[in-house]
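Structural overview for review
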Amino acid sequence: MSNKIKTIAVLTSGGDAPGMNPAIRSIVRTAIGNNLKVYGIKRGYAGLLNNDLVDLNASSVGDIIQKGGTILNSSRCPEFKEKASRELAYQILTDRGVDALIVIGGDGSFKGAHSLASEFNFPVIGIPGTIDNDISGCDYTLGFDTAVQTAVEAIDKIRDTAESNERTFFIEVMGANAPSIALKVGICTGAENIIMGHEQTDIDKLASDIKRGIRRGKNSSIIVVAEGKAPGRSYDYAKELELKHKINSRVCVLGHIQRGGSPSGNDRFYGSVMGQKAVKALLDGQFCHAIVCQKSEVIAIDLDKCLTKSDDAMKSYIGIAENLSI
Ligand code: ADP
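Every residue gets a number counted from 1 within its own chain, in the order that chain's sequence is written. Selection of residues for local features in this predicted model requires a pLDDT of at least 70, selection of side-chain atom pairs for listing and counting requires 80 or more, and totals for whole chains, interfaces and linings are taken over all residues. Neither water nor hydrogens contribute to the side-chain values; these are computed over all heavy atoms in the structure.

1. Structural notes on helix 1 (residues 20-33)
The end-to-end C-alpha distance of helix 1 is 20 Å, a good match for the 20 Å that 14 residues give at a rise of 1.5 Å each. Of all 14 residues that make up helix 1, ten are buried, and the element is covered over most of its length. Exposed residues in this analysis have more than 50% of their type's maximum accessible area, buried residues have under 20%, and partly exposed residues fall in between, with area computed by a 1.4 Å probe over protein chains only. Helical segments are the DSSP runs of H or I of at least four residues, strand segments are the runs of E of at least two, and each set is numbered from the N terminus. Within the sequence span of helix 1, burial applies to Met 20, Asn 21, Pro 22, Ala 23, Ile 24, Ser 26, Ile 27, Val 28, Thr 30 and Ala 31. The criterion used for residue contact is that any of the two residues' heavy atoms lie within 4.5 Å. If you follow the buried residues of helix 1, they end up packed against strand 1 (7-12), strand 2 (37-41), strand 4 (100-105), strand 5 (124-128) and helix 9 (265-283). At the C-terminal side of helix 1, Asn 35 shows a positive phi close to 60 degrees. Helix span, as expected, comes to 1.5 Å for every residue beyond the first.

2. Details of the site of the ligand
Taken together, 15 residues form the shell around the ligand, and within it Arg 76, Cys 77, Gly 106, Gly 108 and Ser 109 come nearest. As used in this structure description, the phrase polar contact means that two N or O atoms lie within 3.5 Å; if the pair is within protein, one of them must be able to donate a hydrogen and the other to accept it, and residues adjacent in sequence are counted only when both atoms belong to side chains. Within the backbone of Asp 107, a nitrogen or oxygen atom sits 3.4 Å from an oxygen atom of the ligand. A distance of 2.5 Å is found between an oxygen atom of the ligand and a side-chain nitrogen or oxygen belonging to Ser 109. Residue burial considers only the protein chains on display, and all accessible areas are found by Shrake-Rupley using a 1.4 Å probe. Protein contacts shield 82% of the accessible area of the ligand, which totals 550 Å² for the unbound molecule. With five residues, helix 4 (residues 107-120) is the largest single contributor of residues to the shell around the ligand. The nearness test applies per residue and asks whether one of its heavy atoms lies within 4 Å of the molecule or strand.

3. Side note on the packing of helix 3 (residues 83-95) against helix 4
Contact geometry for helix 3 and helix 4: axes closest at 10 Å, N-to-C directions at 75 degrees. Relative to helix 4, helix 3 is oriented roughly perpendicular. Residues Lys 83, Arg 86, Glu 87, Ala 89, Tyr 90 and Leu 93 of helix 3 pack against Gly 112, Ser 115, Leu 116, Glu 119 and Phe 120 of helix 4. Here an axis means a line fitted to C-alpha atoms, over the contact stretch when the element is a helix, while the angle between two N-to-C directions is reported on a 0 to 180 degree scale. With respect to orientation, any angle under 35 degrees is reported as roughly parallel, any angle over 145 as roughly antiparallel, any angle of 65 to 115 as roughly perpendicular, and every other angle as oblique.

4. Describing the side chain of Thr 30
As for its position among the elements, Thr 30 is in helix 1. Residue classification places Thr 30 among the buried positions, given a relative accessible area of 8%. When near neighbours in sequence (up to four residues on either side) are disregarded, Thr 30 contacts Gln 276 and Val 279.

5. Some points on the domain arrangement of the protein chain
Domain extents, as shown, originate in an automatic or database domain assignment. Splitting the protein chain by domain gives domain 1 (7-143 + 263-306) and domain 2 (146-260). When each unit is reduced to the centre of its C-alpha atoms, the spacing between domain 1 and domain 2 is 34 Å. Between domain 1 and domain 2, the contact holds eleven residues from the first and eleven residues from the second. Interface of domain 1 and domain 2: buried area, both sides summed, is about 840 Å²; carbon and sulfur atoms make up 50% of it. The salt bridge definition used is simple: a Lys or Arg side-chain nitrogen within 4 Å of an Asp or Glu carboxyl oxygen. Linking domain 1 with domain 2 are zero salt bridges, by the criterion used here. For the pair domain 1 and domain 2, the number of links is five residue pairs in polar contact (both at pLDDT 80 or more). Gly falls in the polar group here, along with every residue not listed as nonpolar (Ala, Val, Leu, Ile, Met, Phe, Trp, Tyr, Cys, Pro) or charged (Asp, Glu, Lys, Arg). Classifying every residue of the side of domain 1 that touches domain 2 by side-chain character gives three nonpolar, four polar and four charged. Once two parts are joined, some of their accessible surface, as seen by a 1.4 Å probe, is lost; buried area is that loss totalled over both.

6. Thoughts on the packing of helix 7 (residues 203-215) against helix 8 (residues 233-245)
Following both chains from N to C, one finds helix 7 and helix 8 inclined at 70 degrees, their axes separated by 10 Å at the closest point. With respect to helix 8, the axis of helix 7 lies roughly perpendicular. Of the residues in helix 8, those touching helix 7 at Ile 203, Asp 204, Ala 207, Ile 210 and Lys 211 are Tyr 237, Glu 240, Leu 241, Lys 244 and His 245. Of the residues assigned to the contact of helix 7 with helix 8, the class counts are five nonpolar, one polar and four charged.

7. Remarks on the nonpolar core
As used in this record, nonpolar core signifies buried Ala, Val, Leu, Ile, Met, Phe, Trp, Tyr and Cys residues forming a set joined through side-chain atoms within 4.5 Å. Core analysis: the largest hydrophobic core is formed by 60 residues, its most contacted members being Ile 8, Ile 102, Val 185 and Ile 222. In terms of residues, this core owes the most to one element, helix 5 (residues 144-164), which gives nine residues. Residue-level mapping places this core at the junction of two domains, with at least three residues from each of domain 1 (7-143 + 263-306) and domain 2 (146-260). Excluding residues within four positions of it along the chain, Ile 8 makes contact with Ile 27, Ala 31, Leu 36, Lys 37, Val 38, Tyr 39, Val 98, Ala 100, Ile 102, Val 279 and Leu 282. Counting 33 residues, the second largest nonpolar core, distinct from the first, contains Leu 11, Leu 116, Val 124 and Cys 288.

8. A short note on a negative patch on the surface
Judged by side-chain charge, Glu 153, Asp 156, Asp 160 and Glu 163 come together as a negatively charged surface patch. Along the chain, Glu 153 turns up in helix 5. A relative accessible area of 41% places Glu 153 in the partly exposed class. Like charges are joined within 9 Å and nonpolar side chains (Val, Leu, Ile, Met, Phe, Trp, Tyr) within 5 Å, but only among residues with over 30% relative accessible area and no salt bridge; these make up the patches. Here the positive residues are Lys and Arg and the negative ones are Asp and Glu; neither His nor the chain ends is included. Charge positions are represented by NZ for Lys, CZ for Arg, CG for Asp and CD for Glu.

9. As for the packing of aromatic side chains
Working definition: rings of Phe, Tyr and Trp (its six-membered ring) pair if their centres are within 6.5 Å, and the pair is stacked with planes under 30 degrees apart, edge-to-face with planes over 60 apart, and tilted otherwise. If you walk through the whole model with that rule in mind, you get six aromatic pairs. With centroids separated by 4.9 Å and ring planes inclined at 45 degrees, the aromatic side chains of Tyr 140 and Tyr 270 adopt a geometry described as tilted. Of this pair, Tyr 140 sits in the loop between strand 5 and helix 5 while Tyr 270 sits in helix 9, and the two are 130 residues apart along the sequence. With relative accessibility at 13%, the residue Tyr 270 sits in the buried group. Connected via pairs of aromatic rings, a cluster forms that spans Tyr 90, Phe 120 and Phe 122.

10. Quick look at the environment of Lys 309
Structurally, the position occupied by Lys 309 is in the loop between strand 11 (297-302) and helix 10 (312-315). Lys 309 sits 263 residues away from Ala 46 along the chain, and the two C-alpha atoms are 23 Å apart. If sequence neighbours within four positions are ignored, Lys 309 has contacts with Asp 107 and Asp 134. Of note is the side chain of Lys 309, whose polar atom sits 2.9 Å from the side chain of Asp 107.

Structure (structure tokens):
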């Protein structure tokens, strides 16, 4: 297989995440160092279906390691779920002389890559890139660390005003059906409570925790909420807390601020390592793999282990924030 690969392409797909650019830089420079030609595909699978491929060289990826987002742009492309679209993608890739594709994205993007590999015998490698840290088989996804840090810095600021005005704040963090950001951010900010994805929220318990804190002399409470299916559910909790328990609170939805910003040291590090390993995996003849971090090691595993959403990476930490905030 290795002597067959002369040209590779890379795309970013789904939600953008800080760390994608360091990964693109690493892929391009590792490929060039191994005498491969590299194309960047614009706007994920949508750009692939439009034959929107650009040549990438060492200079194209200069000065991007510190930039959030993705220089290749990203998109959602529902048509790629149809086999006919994947057939067109395969035709375009082979017409352009591309021998293998590296996809940076979440489990949805991986499903598309996996289908392309299995239906057309086309080599693909996935690199986990999503702020949600919610892909099976992966302890870490690019973007998670930066998103957590952004939320932590925002909440530290909100804590100042919560303390000064003796207030309870609901702070909603990103994570569509994925509680990992809320869990880690809650622990890192000393949150009094964390409301995660799907569970029924017990407002009476929340109120009794807040009152217990006040009796102990606390003058603020931070409740971190995972946004769930759509942002804004915190407003309902704030209203219920006021109506049932006469506890006044404020709501802050952090929103898209958490997606942007310069990638953290970890996201630059893992982006660089994963990008390099992705190219090496292709040269070693690996065909349908993901480059993942497991137990602090970056390794290649079968892509089919990474096709579902999973909270396993963080779930052993559930309960810590509440235990520490007595
Ligand atoms: P993420 O990759 O972050 O999980 P999405 O789930 O939105 O984000 O998926 C990104 C893109 O991956 C979709 O817009 C689509 O092009 C492709 N994709 C998602 N699911 C599938 C699937 N079952 N089969 C083929 N392609 C898919």
